[in-house]
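So the chains spell out like this:
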Amino acid sequence: MAKKPISLPAKELTPRQIVHELDRYIIGQHAAKKAVAIALRNRWRRLQVTGTLREDIMPNNIILIGPTGVGKTEIARRLAKLSNAPFLKVEASKFTEVGYVGRDVESIVRDLTEIAVNMVKAEKAAEVENKARELAEERLLDILIPSNRRPKPPESPVSSSDTLEEHENTRQKFREKLRSGALDERIVELELSFAQMPSMQVMGPFSMEEMGVNLQEVFGNILPKKEKRRKVTVTEARRLLIQEESQKLIDMEKVVKEALERVENSGIVFIDEIDKIASARGHSSGPDVSREGVQRDLLPIVEGSSVLTKHGMEKTDHVLFIASGAFHIAKPSDLIPELQGRFPIRVELKSLTEDDFEKILTLPQNALIKQYAALLKTEGIEIEFNDKAVREIAKIAYEVNDQVENIGARRLHTIITTLLEEILFNAPDEIAESNIVITQKIVQDKLNSIVKNRDLSRYIL
Ligand SMILES: Nc1ncnc2c1ncn2[C@@H]1O[C@H](COP(=O)(O)OP(=O)(O)OP(=O)(O)O)[C@@H](O)[C@H]1O
Ligand SMILES: [Mg+2]
């Protein structure tokens, strides 16, 4: 059966554009960016392929290899964001926990589906927001305008035109007041009738546990519906009515269908610490059996299988899997061959240098220094780091990583928080100046004694 091309919901970025976007958040690691960009674009390409060949084109699953804190998770997370794909991160090592072995690797697919449903629901809610807002306003007006001022049902069209006009005037006045916020504090009585969610029908032969249904969740949805009349402020009423109207406007069946498709065609699963479930050759003893067990459990969903979720069947054949690990002891070749074969692309991420740190501190959209500047701005303080100070922080981060333990860019967090601790604590009570410039000297004064003292830096930095 020939299939029409399906278009992805996302902006369809070319590989170069994807790398360009990733560059805004992640410094260096070009090889990894390139690999994920190709994998992402290949999925879009697959969906343009017509005919049965499409089904046979497999995703370019990737293993990201590299030490801690160099951007592995960050790359995957950003990739998912910019492709608008449902994204789930799991720790491979979690599956070795007692009672978890072999239990439920399928929960990955259920969780991913749940994420997709919420994602699509939020998109649809945004689409109908204006409409829902309008409808909510009309209902609020109905509540606010006393019924004796509403028009009587017209006995004859001519005699009622007067009252109708009067009524429209009143309504317009109230509408203006309402929009200006003048009525926000007023208490109104509200009648709500939330639409039933269609997800209740799947109570067939499967246990609640298997379906991933949480009792609290189910009853939490039902209970508030009993109390239908409520006294609330206009502000709260507006919020509730918008919610209710938006629920009425959203077709949940369509949402679920779209979510299932989105997972199948563009879902991304990030499996962290995959090296923890690989056993280095020649070391095979007791616990390795369970590691291999986890790999075998993962195999079907990575290879492609159908998993029953509470929203319906989900096929995992084209879900993109990105695994990551440090692979200090075990190597990718220590994974069971079937699993290795399903991760054909290996990319190494490099340890970060002093130069990288300098860039990471300042360049990314969400750079640490920008984050703290924004935080302190809320207290009326402008903080600025001059170039030499940034250089000094990068240097210290590199040194501590080198001498104590290499935790990659995460080192910058500990250093910046130590550096700024006093300012963060004293603002706004004890700080007089509204402009602070952090200089190289300030960085050295604050941090050098800690860096020099190995024991101290082990605890503090
Ligand atoms: N190359 C980089 N560019 C910019 N920021 C980075 C880079 N590498 C790491 N970071 C920052 O450091 C933090 C940790 O990075 P990330 O979570 O990607 O580490 P990881 O490689 O997944 O490590 P782990 O193996 O411990 O999971 C994040 O806040 C991230 O923004
Ligand atoms: Mg990580």
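Everything below is about the structure printed above this text.
Residues numbered from 1 in each chain as written. Chains lettered and ligands numbered in written order. Predicted model: local features only at pLDDT ≥ 70, side-chain atom pairs only at ≥ 80, totals over all residues. Heavy atoms only, no water.

Some points on the site of ligand 1
Okay, step 1: Not every one of the 16 residues close to ligand 1 is listed here, only the nearest: Ile27, Thr68, Gly69, Lys72 and Thr73.
Okay, step 2: Within the side chain of lysine 72, a nitrogen or oxygen atom sits 2.8 Å from an oxygen atom of ligand 1.
Okay, step 3: Within the complex, 84% of the 630 Å² of free accessible area of ligand 1 lies under protein.
Okay, step 4: Secondary structure elements with two or more residues in the shell around ligand 1: α4 (72–83) and α17 (410–426).
Okay, step 5: For the shell around ligand 1, the element with the highest residue contribution is α4, accounting for three residues. (Near = heavy atom within 4 Å. Polar contact = N/O pair within 3.5 Å; in protein donor to acceptor, adjacent residues only side chain to side chain. Areas by Shrake-Rupley, 256 points an atom, 1.4 Å probe, with all protein chains shown as cover. Helix = DSSP H or I, 4+ residues; strand = E, 2+ residues; numbered from the N terminus.)

Things to note about helix α14 (residues 354–362)
Okay, step 1: Of all the positions in α14, only Asp356, Phe357, Ile360 and Leu361 are classed as buried. Along the axis of α14, the buried positions cluster into a sector of 135°, meaning they face one direction only.
Okay, step 2: Where α14 is buried, its residues contact α15 (368–377), α16 (387–403) and α17. (Buried < 20%, exposed > 50% of the residue type's maximum accessible area, 1.4 Å probe, protein only. Arc of directions from axis to C-beta. Contact = heavy atoms within 4.5 Å.)

Some points on the environment of glutamine 371
Okay, step 1: Note that glutamine 371 resides in helix α15.
Okay, step 2: On the basis of relative accessible area, glutamine 371 is assigned to the partly exposed category, the value being 36%.

Observations regarding the environment of glutamine 17
Okay, step 1: Position of glutamine 17 among the secondary structure elements: in helix α1 (residues 15–23).
Okay, step 2: You can call glutamine 17 partly exposed: its relative accessible area is 38%.

Some thoughts on unusual backbone geometry
Okay, step 1: Across the junction of alanine 427 and proline 428, the peptide omega takes the value 0°, indicating a cis bond.
Okay, step 2: Position of proline 428 among the secondary structure elements: in the loop between α17 and β11 (435–438).
Okay, step 3: You will see that asparagine 84, though not glycine, has its phi angle at about 60°, which is positive.

Describing the packing of aromatic side chains
Okay, step 1: Tallying each qualifying case throughout the model produces one aromatic pair.
Okay, step 2: Measuring from centroid to centroid gives 6.4 Å for phenylalanine 87 and phenylalanine 270, while their planes differ by 35°, and the two rings are tilted. Here phenylalanine 270 lies in strand β5 (residues 268–272) and phenylalanine 87 lies in strand β2 (residues 87–91), a separation of 183 residues in the sequence.
Okay, step 3: Phenylalanine 87 gets classed as buried once you look at its relative accessible area, which sits at 16%.
Okay, step 4: Note on phenylalanine 270: relative accessible area 0%, which makes it buried.
Okay, step 5: The cationic tip of lysine 177 hangs over the ring face of phenylalanine 174; the distance from NZ or CZ to the ring centre is 5.5 Å. (Phe/Tyr/Trp six-rings, centres within 6.5 Å; stacked < 30°, edge-to-face > 60°. Lys NZ or Arg CZ within 6 Å of the ring centre and 35° of its normal.)

Some thoughts on the side chain of glutamine 340
Okay, step 1: Assignment of secondary structure puts glutamine 340 in helix α13 (residues 337–342).
Okay, step 2: A relative accessible area of 18% means that glutamine 340 is categorised as buried.
Okay, step 3: From its side chain, glutamine 340 meets the backbone oxygen of serine 333 in a polar contact 2.9 Å long.
Okay, step 4: Setting aside residues up to four positions removed in sequence, glutamine 340 forms contacts with Pro332, Ser333, Asp334, Leu335 and Arg346.

As for the packing of helix α6 (residues 129–144) against helix α10 (residues 234–249)
The relative placement of two packed helices is expressed as an angle between their axes plus a distance between the axes.
Okay, step 1: Two elements in contact, α6 and α10, have axes whose closest approach is 8 Å; the angle formed by their N-to-C orientations is 130°. Looking at the two axes, α6 sits oblique to α10. The handedness of the crossing between α6 and α10 comes out as right-handed. Here α6 contributes Lys131, Ala132, Arg133, Leu135, Ala136, Arg139, Leu140, Ile143 and Leu144 to the contact with α10, which in turn contributes Val234, Ala237, Arg238, Leu241, Ile242, Glu244, Glu245, Ser246, Lys248 and Leu249.
Okay, step 2: Of the residues contributing to the contact of α6 with α10, the split by class is 11 nonpolar, one polar and seven charged. (Axes fitted to C-alpha atoms, helices over the stretch in contact; angles between N-to-C directions. Parallel < 35°, antiparallel > 145°, perpendicular 65-115°, else oblique. Left-handed = near helix turned anticlockwise from the far one by under 90°. Nonpolar A, V, L, I, M, F, W, Y, C, P; charged D, E, K, R; others polar.)

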